[in-house]
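Structural characterization, general
So you can see what is in the structure, the chains are spelled out below.
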Amino acid sequence: MNPYIPKAFPFDPDHKGHFGKFGGRYVPETLMPILLELDEFYKTIRFEEAFWDEVYELSEHYVGRPSPLYHAKKLSAELDATILLKREDLNHTGAHKINNTIVQGLMAKRMGKTKIIAETGAGQHGVASATVAALMGLECEVFMGAKDVERQKLNVFRMKLLGAKVHAVESGSSTLKDAMNDAIRHWVTNARDTFYIIGTAAGPHPYPLMVRDFQAIISDEAKKQLVAQKFDMPDYVLACIGGGSNALGMFAHFIEEEKTQCIGIEAGGRGLESGEHGASLALGKPGVLHGQLSYLLQSDEGQVEEAYSISAGLDYPGIGPEHSYLMEEGKVRYDNVTDDEAMDAFVWLSRAEGIVPAFESAHAIAYLKKIPKEELQGKTVVISLSGRGDKDMIQAMDILKDRL
Ligand SMILES: *Cc1c(COP(=O)(O)O)cnc(C)c1O
């Protein structure tokens, strides 16, 4: 059985994309026919074996899946627990994002589109999209906030090297949320030949469902690897949350496990009380952004507020609607970790295991030290190591210059 074929879960959304009251399709009328076309198309391939055979082929031989489940023995000894890392950092292009862009790229081809567009914050999703565009012979345009273009020069160059065109978006705060607005606008007028690849489990239906389906391979593999490597079902499963795609992929097959508590880690930035953070679930309120209803950082007047995190991938004021639902249903626990705690974990994992994590993933690692020691003792923990730290080296050099 091809493991990439999505499974239907009890917490799937209804046919209009509602996870409880969250999700949906809050978009201008001009966008509706395009989303309905995509929705119809997704229904035809969601369980079609021939389509997933192509995904299987590329995932195994191009992306490098399955990603290892690695027993981190030094961390385990230090904490007197069994710590297992799901190594998404070893995927081609260095993170989990390619799991999603491979499938959406194949969808674009099947739908007869010749161009793809993507939004990007730090540039990781832009790079993963430009990569599949090169692989599949599609034209690629990436929308990126002007501020991020400046901050992430290396990724901008990488996208250009891969043949993509990068648009620096000057509107609003010139960051990710504005890039996504512009990408949606561009799509409305170019949908005939253009496919929009969204990079996280957010946006209007069917994107949150699609992206969750495409990332669920992470926990499908992890569960089988636990059995094959003779580990217990985990007591905890941890993942960091930007829009929430690596977390949903890591949680999907564990949520219904009675023994397992899934915990999503948001960006605590400079501390929740500082006002500079990305903790949409902790401090946001339900609101509409990018075509979905979900928790959102907003002012009392409903203006979207800027998020902040040391890690650009967690720096998003919204969150995928499925997380809002899972939180309100009490199925998943959410907490947060500050910049400083994440940086400590960045150094800790590098030195203990010889693995340099992405700043985002360091948030999930840091949470190990926030669980009381007595509570952690003897437990089994699976952590989504969503990406590698290569992209963060220049920033790390600056932040850690007095420490190393
Ligand atoms: C983009 C990114 C994230 C955050 O995105 P999610 O959709 O929340 O997973 C986390 N880790 C890495 C390495 C990323 O590149």
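What counts and how
Residues numbered from 1 in each chain as written. Predicted model: local features only at pLDDT ≥ 70, side-chain atom pairs only at ≥ 80, totals over all residues. Heavy atoms only, no water. UniProt positions renumbered as here; feature names shortened; annotations may be inferred. Helix = DSSP H or I, 4+ residues; strand = E, 2+ residues; numbered from the N terminus. Contact = heavy atoms within 4.5 Å. Pairing = 2+ DSSP bridges. Axes fitted to C-alpha atoms, helices over the stretch in contact; angles between N-to-C directions. 1 Å grid on protein atoms, 1.4 Å probe; cavity = no way out; pocket = protein on both sides within 12 Å on 5 of 7 lines; lining within 4 Å. Points joined across faces, edges and corners; volume = space filled by probe spheres on them. Nonpolar A, V, L, I, M, F, W, Y, C, P; charged D, E, K, R; others polar. Domains from an automatic or database assignment. Core = buried A, V, L, I, M, F, W, Y, C linked by side-chain atoms within 4.5 Å. Buried < 20%, exposed > 50% of the residue type's maximum accessible area, 1.4 Å probe, protein only. Near = heavy atom within 4 Å. Polar contact = N/O pair within 3.5 Å; in protein donor to acceptor, adjacent residues only side chain to side chain. Areas by Shrake-Rupley, 256 points an atom, 1.4 Å probe, with all protein chains shown as cover. Sits in = over half its atoms within 2 Å of the grid points. Left-handed = near helix turned anticlockwise from the far one by under 90°.

- As recorded in an unreviewed UniProt entry, the chain goes by Tryptophan synthase beta chain and comes from uncultured Sulfurovum sp.
- We quote the UniProt Catalytic activity (unreviewed entry) comment for the chain here in full: "(1S,2R)-1-C-(indol-3-yl)glycerol 3-phosphate + L-serine = D-glyceraldehyde 3-phosphate + L-tryptophan + H2O".
- Taken from UniProt, the Pathway (unreviewed entry) comment for the chain reads in full: "Amino-acid biosynthesis; L-tryptophan biosynthesis; L-tryptophan from chorismate: step 5/5."

Digging into the UniProt feature "modified residue: N6-(pyridoxal phosphate)lysine" (unreviewed entry) in the chain
- Those places that UniProt annotates as "modified residue: N6-(pyridoxal phosphate)lysine" (unreviewed entry) correspond, in this numbering, to Lys97.
- Summarising the element assignment, Lys97 is placed in helix α4 (residues 97-110).
- In this view, Lys97 contacts Gln124, His125, Ala128, Gly199 and Gln215; residues no more than four positions away in its chain are not counted.

Things to note about the sheet that holds strand β5 (residues 115-120)
- Pairing in this open sheet of 4 strands is parallel, and the strands run β7-β6-β5-β8 from one edge to the other. Here the strands that pair on one side only, and so sit at the sheet edges, are β7 (165-169) and β8 (194-197). Recorded for the sheet is a direction-independent mean angle of 25° between the axes of neighbouring strands.
- Pairing of β5 with β8, which is carried by 4 bridges, proceeds in the parallel orientation.

Quick notes on the layout of surface pockets
- Estimates place the volume of the largest pocket at around 740 Å³.
- Along its surface, the largest pocket is lined by 36 residues, and Ala122, Arg151, Gln152, Ala312 and Gln395 are the ones closest to its centre.
- Of all elements in the fold, only α6 (146-151), α7 (153-161), α8 (176-190), α15 (359-366) and α17 (393-399) reach the threshold of two or more residues within the lining of the largest pocket.
- When its residues are assigned to classes, the lining of the largest pocket shows 12 nonpolar, 10 polar and 14 charged.
- Viewed by domain, the lining of the largest pocket spans two of them, domain 1 (27-61 + 97-211) and domain 2 (65-94 + 216-399), each represented by three or more residues.

Digging into empty space enclosed by the protein
- Counted by the stated rule, this structure contains 4 cavities of 30 Å³ or more.
- Estimates place the volume of the largest cavity at around 410 Å³.
- Contributing to the lining of the largest cavity are 32 residues, with Lys97, Gly199, Thr200, Gly243 and Gly313 lying nearest its centre.
- Elements represented by at least two residues in the lining of the largest cavity include exactly β5, α5 (124-136), α8, α11 (245-251) and α15.
- Here the lining of the largest cavity spans two domains, since at least three of its residues come from each of domain 1 (27-61 + 97-211) and domain 2 (65-94 + 216-399).

Digging into the nonpolar core
- Counting 59 residues, the largest nonpolar core has Met107, Ile116, Trp187 and Tyr196 as its most contacted members.
- Both of domain 1 (27-61 + 97-211) and domain 2 (65-94 + 216-399) provide at least three residues apiece to this core.
- Those residues in contact with Ile116, other than ones at most four positions away along the chain, are Ala108, Ser129, Val132, Ala133, Leu138, Glu139, Cys140, Glu141, Thr194, Phe195 and Ile197.
- Tyr236, Met343, Ile371 and Leu400 belong to the second largest nonpolar core, which has 36 residues in total.

Topic: the site of the ligand
- Around the ligand, the surrounding shell holds 16 residues, and the nearest of these are Lys97, Thr200, Gly242, Gly244 and Ser245.
- Asn246 places a main-chain nitrogen or oxygen 2.8 Å from an oxygen atom of the ligand.
- Protein chains shield 97% of the accessible area of the ligand, which is 380 Å² for the free molecule.
- According to the grid-proximity analysis, the pocket containing the ligand is the largest cavity.
- Looking at the shell around the ligand residue by residue, the class counts come to 3 nonpolar, 11 polar and 2 charged.
- Counting contributing residues per domain, the shell around the ligand is built from domain 1 (27-61 + 97-211) and domain 2 (65-94 + 216-399), each supplying no fewer than three.

Thoughts on the packing of helix α1 (residues 32-45) against helix α9 (residues 207-215)
- Viewed as axis vectors pointing N to C, α1 and α9 meet at an angle of 35°, and their least axial separation amounts to 11 Å. Viewed along their axes, α1 and α9 form a crossing whose handedness is left-handed. Here Leu35, Leu38 and Tyr42 of α1 lie close against α9, whose contacting residues are Tyr207, Leu209, Met210, Asp213 and Phe214.
- Along the lines of polarity and charge, the residues of the contact of α1 with α9 split into 7 nonpolar, no polar and 1 charged.

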